[in-house]
Amino acid sequence: MVEERGEGMGGGRVAAEELKLLIERAERLEEEKKGIADDIKDVMAEAKSRGYDTKAIRKIMSIRKKKREEYHEEEAILETYMQALGML
């Protein structure tokens, strides 16, 4: 059972019960995360069965997470690189 932290871990005391509760909480969150990931897979399977391109949907989701300026900057850099490689 853990009684004390080493100096390299910030020093001080740590209660074994507190540590156990933190680990259990993280484990529950991991389970929830897995459940959500499964739900997303189900949504994508439904989209695919209805004829939608799931790669495009995932790309749109990725773009929507970004700030407009960030997205435009990334696109400009990508276009510059593609032009340099003769891909455009």
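Scroll up to find the structure this text is about.
Only a predicted model underlies this, so the values are computations on that prediction, with no experimental measurement involved. (Residues numbered from 1 in each chain as written. Predicted model: local features only at pLDDT ≥ 70, side-chain atom pairs only at ≥ 80, totals over all residues. Heavy atoms only, no water.)

**Q** Outline the overall build of the protein chain, listing residues and values.
**A** Helix and strand content of the protein chain: three helices and zero strands. Each helix and strand of the protein chain, placed in order from N terminus to C terminus, yields the pattern α-α-α. By the burial criterion, 5% of the 88 residues in the protein chain qualify as buried. (Helix = DSSP H or I, 4+ residues; strand = E, 2+ residues; numbered from the N terminus. Buried < 20%, exposed > 50% of the residue type's maximum accessible area, 1.4 Å probe, protein only.)

**Q** Describe the packing of helix 1 (residues 16–49) against helix 2 (residues 54–65), listing the residues and the values that go with them.
**A** Across the interface, helix 1 lies against helix 2 with an axial gap of 9 Å and an inter-helix angle of 130°. In terms of axis orientation, helix 1 runs oblique to helix 2. On helix 2, the residues that touch Ile40, Met44, Ala47 and Lys48 of helix 1 are Thr54, Ile57, Arg58 and Met61. Here the contact of helix 1 with helix 2 is composed, by residue class, of five nonpolar, one polar and two charged. (Axes fitted to C-alpha atoms, helices over the stretch in contact; angles between N-to-C directions. Parallel < 35°, antiparallel > 145°, perpendicular 65-115°, else oblique. Contact = heavy atoms within 4.5 Å. Nonpolar A, V, L, I, M, F, W, Y, C, P; charged D, E, K, R; others polar.)

**Q** Talk me through helix 3 (residues 68–84); I want residue IDs and the actual numbers.
**A** For helix 3, with 17 residues, the first-to-last C-alpha span of 24 Å sits near the 24 Å given by 1.5 Å per residue. After helix 3 finishes, the residue Gly86 shows a positive phi value of roughly 70°. (Expected span 1.5 Å × (residues − 1).)

**Q** Quick rundown of the pattern of salt bridges? Include the residues and the values.
**A** Taken as a whole and assessed by the stated rule, the structure comprises five salt bridges. Residue Glu30 is joined to Lys33 by a salt bridge in which the shortest nitrogen-to-oxygen separation is 3.6 Å. Taken together, the residues span about one helical turn, with Glu30 and Lys33 both in helix 1 at a distance of three residues. For Lys66, the salt bridge identified is with Glu74, shortest N-O distance 2.5 Å. For Glu74, a relative accessible area of 32% translates into the label partly exposed. (Salt bridge = Lys/Arg side-chain N within 4 Å of Asp/Glu carboxyl O.)

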